[in-house]
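Analysis of the macromolecular model
Given next are the chains, with one letter for each unit.
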Amino acid sequence: MRSSSPLPRMSRRGRVTIAVLVGVFALFTLLGWGVQAWTDWLWFDEVDYTQVFTGVLVTRLLLFVVIGLAMAVIVGGNLWLAYRLRPRLRPHSVEQATLERYRMALTPRLGTWIAVVAAIVGLFAGLSAQSRWNQWLLFRNGGDFGVKDPEFGVDVGFYVFQLPFWRYLLGVGFTAVVLAVVGALAMHYIFGGVRLQGVGDRMTNAARAHLSTLVAVFVALKAIAYVLDRRAMLLEYNEGAKLYGAGYADVNALLPAKEILAYISVVVAVAIIIFSNAWMRNLVWPGISLALLGVSAVAIGGIYPWAVQTFEVKPSAKEKEAPYIQRSIEATRAAFGLADTKTTPYAANNLTPPASLATDTSVVPNARLLDPQLVSETYTQLQQVRGFYDFGPKLDIDRYGVNGKTSDYVVGVREINYGELTDQQNTWINRHTVYTHGYGLVAAPANQVVCGGQPFFVSGFLGDRTQEACSSQTEQIPANQPRIYYGERMGDDDYAIVGQPDPEKKAEFDRPVGEGGGEFYTYTGTGGVEIGSFTRRLLYAIKEQESNFLLSGAVNEDSKLLYVRNPRDRVEKVAPFLTLDGDPYPAVVDGRVQWIVDGYTTAATFPYAERVNLREETTDELTGRGTFQLAREDVNYIRNSVKATVDAYDGTVRLYEFDENDPVLKAWNKAFGGDLVLPKKDIPAELAEHFRYPNDLFKVQRNLLTKFHVTDPGDFYSAQDFWQVPNVPDAPDSGQKQPPYYLFTQFPGQDGPRFQLTSAVTPNKRENLAALISGSYVDGQPRLEVLELPDQTRISGPVQVHQQMTNNGDIRGQLNILAASGQAQVLYGNLLSLPFGNGMLYVEPVYVKSNNEDAFPQLQRVLVSYGDGGSFVALANNLTDGIKQLVEQGKKAAQGAPPPTTGGTNPPTTGGTNPPPPTGDNTPPPLTGELAAAAERVQDAIGEVRAAQASGDFERYGRALKALDEAMSAFQQAQGQVTPAAGTPSGSPTPSGSASPGSTPPSPSTSPPAGD
């Protein structure tokens, strides 16, 4: 009867309301998907990569259908089978009377209920499966690596291409069986096949056979899982060796255990079927079998390997783990491209500046002085002309041959920054149809400044240069098409509508001319999607949720829509299988501005290789400041397999093969028809000249080399020779790592200057220099090189050198003058570590930025140091003068003269003795008046610095340093007011215990005080 149903019927109005709501939801969902798919197709058709769109879409749909349908059939089929196996007669009981109400509600529409449940399960399974499109394409198209794993002798291609998808399918199988068991058990219970009350068997023979078979299938899948786990052990973390890959206990205990458990699982699966259905027909022995399997898994797969690790491996881990550490070292060096790293010993035992510094033509003249991060503000202020132009927070480094000489240049693209448009300018018409593009690639030599510290601009000019004294008179890096329609400053909403039927009607602002005027332009490139028809305008009005596509007269029959304008986003959309470098850079190639983007192929299943997180390994001071942050992707294999370009005018995307031997790229290329990536031989020679060693790849390799430069397993286990990447020299307490820097220079052992990415590393938990790592291209092939210093070197590292140079007494006084008593900021550029003359030359540019509004950094001085960082130091107006000072200091040292007095680099030590007072005729007169008071103030300040340093109080130490600087300034002023009497020896007296006569008091080190 209707009233006995546990589920009351819904009214007709309610059913209609729900149907309408579901229909509206489905309509808008499908409309949104349809609009997105259609506009994506149009975009891929514009860039001529429709095979990527169709390939990914078809693969997603197939996985959705196949996996979803399979899951639905398995779950729905078992629900239907459980219903078909229901008992015809059920014993009377209170339990069955209660269930009868549910049976009456389900039975009339049982097929519908089963179909709904199966459809829901299939829907979620299909949605999960379609996200595995990349694993399936590699599974289907992957080949061999030609390298076998050291344990099983299986080609690495199995682990990279096959294993991930097999493990996913196994997970799908487990999920399907578990859902089938749960659903079948519920169905058997509702229809009487399984009972909790009453006399007799609690389960019918049919229900027992059905459920036991599903359990047996689950156990059989577990046997397959044990087999795959044996291979996957080569990817797991080895706690004993602190490396990835199977260790001694894994290979000698856990590996055999997995094999034994696989056989036991097969036996248990067979036993469950036999004991449940063919022999005893009860669940006692199947239950015992499952319990034995669980006990075996704990004892054989857990306790036994633990015992081997604890009692056999740990007491002699260095010897036991040595072969497996060797495997990890070799695999990691192979997987990350470190195997061919060239290591050269560099004694660096020359601590005196050689005379050849002044005549060098390969290292010193090429030392880069312009810091691309600092001079970005300078470019913006001097080259923007209009407030809406912008160069971004960081510029790029590239090299060009100008007038027959190749050198590195700091380059930036003058782009539109839509965030800087005024309220009047920031209308829909202006934003999307008037301010559509930037103009020009602006470049300046990296080692040259003019006009009081400004870059010497040589390209990207907006107008006539005949009256400009601080720039080149002609375009030295000319671009035939300087307009920038695609750039790094373009966001997702920064689309542009271009094109006019009348060539004389120009609506796009091109560039400023004269006082407040400007030229206008009409786009003539091939980029963009045509939106002249009403259908296209309606389509993009829905996509962008903007009615002006239909209403505005700015959209005409010749209009094109330019979107996805960020070059990195365009490459990522065209090649979704690539991991892209975070630092795209522009270059003028054949007269056009091209964005160059480095693309990596990665994997996470290379046996025994170290696994790293790309975001953690590539994050440093510049991340987020003009450099994109990479995703949190764990990888243990990486190759710079693709060089991609994006034309800044028409948005053309090209993918060039760079690593011809990468199996992963070959698999992806095959998956998309075989011609997605252009062969390496098709790379234009002029484009190849601008390729540079990629930044993020170098960071990953550099960080790994801090450990994996050690190739002896015993030394690796002891970890005594590990290195570390130093912190930013001028802000070591920030915890940010020093970024690598591009240089056009020549290192020892190289046959000429190269454009290379370099980084200094220090010993682990120490600050002296351990090695210099560089990455460059030689004959079109990547080359990693390491200049390794002796273990106990006296050469200071970057942080130490910066502190020693800036804490030098004379130099600190000059830096204080540059700061103009707090009216300006002193900023430090890249600290360059340059090996030269069997020693180390350090160069650090010093910028000054006024606190006035719209001020920009200007290069005012250059800090140079040679040797151990503290003995020979100079602060000069330019690099040439600084080198001359170093050479002069070196000559005096060679003649036996003591090193120049620099006022000391460290605070006087407590308990030390003061120098004896001068005697004889050279005894200075006693201090009197203001000079004595100033000297006493200096002495008090020095004492406070000592006390603060000993206390470990950072705030007190900072206040003490500030007070000492003020006291020194007051003493120097008082000193200047004293006029020596006739016959008084030259040289002003100084406070007792602070310095020798005739010198200014020393400035203590700014190193943090000792403390916890």
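Residues numbered from 1 in each chain as written. Predicted model: local features only at pLDDT ≥ 70, side-chain atom pairs only at ≥ 80, totals over all residues. Heavy atoms only, no water.

1. A closer look at the overall build of the protein chain
- Counting its regular elements, the protein chain contains 26 helices and 34 strands.
- For the protein chain, the residues scored as buried account for 51% of the 1012 residues in total.
- Long-range contacts, defined as pairs at least 24 residues apart, comprise 68% of the intrachain contacts of the protein chain with a sequence gap of at least 6.
- Of the roughly 45800 Å² that the protein chain leaves accessible, carbon and sulfur atoms contribute 55%. (Helix = DSSP H or I, 4+ residues; strand = E, 2+ residues; numbered from the N terminus. Buried < 20%, exposed > 50% of the residue type's maximum accessible area, 1.4 Å probe, protein only. Contact = heavy atoms within 4.5 Å. Areas by Shrake-Rupley, 256 points an atom, 1.4 Å probe, with all protein chains shown as cover.)

2. Focus: the sheet that holds strand β5 (residues 396-402)
- Strand order in this open sheet of three strands is β5-β6-β9, and the pairing throughout is antiparallel. A single partner strand is all that each edge strand has here, and the edge strands are β5 and β9 (441-445). Taking each pair of neighbouring strands and ignoring which way they run, the sheet shows an average axis angle of 45 degrees.
- The sheet contact formed by β5 and strand β6 (residues 405-413) spans seven bridges and is antiparallel. Note that in β6 the partner of Arg399 across the bridge is Asp408.
- Packed on one face of the sheet, helix α12 (residues 375-383) meets β6 and β9 and runs near 120 degrees to β9. (Pairing = 2+ DSSP bridges. Axes fitted to C-alpha atoms, helices over the stretch in contact; angles between N-to-C directions.)

3. Observations concerning the state of the cysteines
- Counting across every chain of the model gives one disulfide.
- What pairs with Cys451 in a disulfide is Cys470, and their sulfur atoms sit 1.8 Å apart. Taking the torsion about the sulfur-sulfur bond, which here is approximately -105 degrees, the covalent link between Cys451 and Cys470 counts as left-handed. Placement of Cys451 in the loop between β10 (449-450) and β11 (454-455) and of Cys470 in the loop between β11 and β12 (483-484) is noted, with a sequence separation of 19 residues between them. (Disulfide = S-S within 2.5 Å.)

4. With respect to the pairing of strand β31 (residues 832-836)
- A large share of β31 lies buried, amounting to five of its five residues.
- On β31, burial covers both faces: Leu832, Leu834 and Phe836 on one face and Ser833 and Pro835 on the other are all buried.
- Sheet topology places β31 next to strand β32 (residues 839-850); five bridges connect them, and they run antiparallel. When the sheet's bridge partners are listed, Pro835 is paired in β32 with Met840.
- In sequence, β31 turns back onto β32 through a hairpin of two residues, with Gly837 there showing a positive phi of about 60 degrees.

5. What about the pattern of salt bridges?
- Within this structure, the stated rule accounts for 28 salt bridges.
- Across the pair Glu312 and Lys320 runs a salt bridge whose closest N-O atoms are separated by 3.6 Å.
- With its nearest N and O atoms 2.7 Å apart, the salt bridge here joins Lys849 to Glu377. Residue Lys849 is found in strand β32, and its partner Glu377 is found in helix α12; the two are separated by 472 residues along the sequence.
- Residue Lys849 is classed as buried on the basis of its relative accessible area, which comes to 17%.
- Through salt bridges with shared partners, one network takes in Lys394, Asp396, Asp583 and Arg692. (Salt bridge = Lys/Arg side-chain N within 4 Å of Asp/Glu carboxyl O.)

6. Thoughts on the packing of helix α2 (residues 50-84) against helix α5 (residues 133-141)
- Interaxial distance between α2 and α5 falls to 9 Å at its minimum, and their mutual angle equals 100 degrees. Between α2 and α5, the angle is such that the two are roughly perpendicular. On α5, the residues that touch Val56, Thr59, Arg60 and Leu63 of α2 are Trp133, Trp136 and Leu137.
- When grouped by side-chain class, the residues that make up the contact of α2 with α5 number five nonpolar, one polar and one charged. (Parallel < 35°, antiparallel > 145°, perpendicular 65-115°, else oblique. Nonpolar A, V, L, I, M, F, W, Y, C, P; charged D, E, K, R; others polar.)

7. Digging into the sheet that holds strand β16 (residues 529-530)
- One open sheet accounts for three strands, arranged β13-β17-β16; its pairing is antiparallel. The open sheet has two edge strands with one neighbour each: β13 (496-498) and β16.
- One ladder, built from two bridges, connects β16 with strand β17 (residues 560-562); its direction is antiparallel. For Val529, the partnering residue across the bridge sits in β17 and is Leu561.

8. Comments concerning the confidence of the model for the protein chain
- Averaged over every residue, the pLDDT of the protein chain is 85; residues scoring 70 or more account for 85%.
- Across residues 901-925, confidence stays below pLDDT 50; counting only partners more than four residues off in sequence or on other chains, it has 35 contacts.
- Note on residues 979-1012: pLDDT under 50 across the span, and 84 contacts to partners over four residues away in sequence or across chains. (pLDDT = per-residue confidence, 0-100.)

9. Some remarks on a nonpolar patch on the surface
- A cluster of nonpolar side chains, contributed by Leu31, Phe534, Leu538, Ile542, Leu550 and Leu551, occupies part of the molecular surface with about 550 Å² of accessible area.
- Sorting the residues of the nonpolar patch by element identifies α14 (534-544) and α15 (548-551) as the ones contributing at least two each.
- It is α14 that contributes the most residues to the nonpolar patch, three residues altogether.
- Looking at where Leu31 falls in the secondary structure, it is placed in helix α1 (residues 12-47). (Patch = residues over 30% accessible without salt bridge, like charges linked within 9 Å, V, L, I, M, F, W, Y side chains within 5 Å.)

10. Observations concerning the packing of helix α4 (residues 110-130) against helix α6 (residues 156-190)
- It is the contact of α4 with α6, at a shortest axis distance of 12 Å, that shows an interaxial angle of 160 degrees. By the angle between their directions, the pair α4 and α6 is classed as roughly antiparallel. Taken as a pair, α4 and α6 cross one another with a handedness that is right-handed. Across the interface between the two elements, Leu110, Ile114, Val121, Ala125, Ser128 and Ala129 from α4 touch Tyr168, Leu179 and Met187 from α6. (Left-handed = near helix turned anticlockwise from the far one by under 90°.)

11. Quick notes on helix α11 (residues 322-335)
- With 14 residues, α11 should reach 20 Å at 1.5 Å per residue; the first-to-last C-alpha distance of 20 Å fits that figure.
- Buried within α11 are the following residues: Tyr324, Ile325, Arg327, Ser328, Ile329, Ala331, Thr332, Arg333 and Ala335.
- Gly337, located one to two residues past α11, shows a positive phi value of around 70 degrees. (Expected span 1.5 Å × (residues − 1).)

12. Some words on the side chain of His188
- Mapped onto the secondary structure, His188 falls in helix α6.
- At 3.0 Å, the side chain of His188 forms a polar contact with the side chain of His210.
- Each residue touching His188, except ones within four places of it in the same chain, is listed here: Ala82, Leu85, Gly193, Val194, Ala207, His210 and Leu211. (Polar contact = N/O pair within 3.5 Å; in protein donor to acceptor, adjacent residues only side chain to side chain.)

13. Some thoughts on the environment of Ser559
- Relative to the helices and strands, Ser559 resides in the loop between α15 and β17.
- Between the C-alpha atom of Ser559 and that of Gln500, which follows or precedes it by 59 residues, the distance is 6.5 Å.
- In this structure Ser559 touches Ile497, Val498, Gly499, Val529, Glu530, Ile531, Gly532 and Ala554, once residues within four positions along its chain are discounted.
- Within the structure, Ser559 has its side chain in polar contact with the backbone nitrogen of Asn556 (distance 2.8 Å).

14. Brief notes about the environment of Asp390
- Structurally, the position occupied by Asp390 is in strand β4 (residues 389-390).
- For Asp390, a relative accessible area of 12% gives the class buried.
- Linking Asp390 and Ile416, residues 26 residues apart in sequence, is a C-alpha distance of 6.2 Å.
- Discounting residues that sit within four places of it in the chain, Asp390 has contacts with Thr380, Val413, Arg414, Glu415, Asn417 and Arg489.

15. Some words on unusual backbone geometry
- Residues other than glycine seldom take positive phi values, yet Lys242 does so here, at roughly 60 degrees.
- In this fold, Lys242 is placed in the loop between β1 (237-238) and β2 (243-244).
- Taking the relative accessible area as the measure of exposure, Lys242 reaches 48% and is therefore partly exposed.
- For Asn838, which is not glycine, the phi torsion reads 60 degrees and is therefore positive.
- Assignment of secondary structure puts Asn838 in the loop between β31 and β32.

16. Quick look at the packing of aromatic side chains
- Under the defined criterion, the tally for this structure stands at 42 aromatic pairs.
- A centroid spacing of 5.7 Å and a plane angle of 80 degrees characterise the contact between Tyr379 and Phe391, whose relative ring orientation is edge-to-face. Residue Tyr379 is found in helix α12, and its partner Phe391 is found in the loop between β4 and β5; the two are separated by 12 residues along the sequence.
- The class for Phe391 is buried, based on a relative accessible area of 5%.
- Consider the rings of Phe658 and Phe691, whose centres lie 5.9 Å apart with planes at 90 degrees: the pair is edge-to-face. Pair noted here: Phe658 is in the loop between β24 (653-657) and α18 (663-671) and Phe691 is in the loop between α19 (685-688) and α20 (695-708), with a separation of 33 residues, a long-range link.
- Each residue in the set Trp136, Phe139, Phe165, Trp166 and Tyr168 is aromatic and connected to the rest through ring pairs, giving one cluster.
- One residue, Lys573, lies across the ring of Trp43, its end atom 5.6 Å from the ring centre.
- Cation over ring: Lys643 sits above Phe691, and NZ or CZ is 5.3 Å from the ring centre. (Phe/Tyr/Trp six-rings, centres within 6.5 Å; stacked < 30°, edge-to-face > 60°. Lys NZ or Arg CZ within 6 Å of the ring centre and 35° of its normal.)

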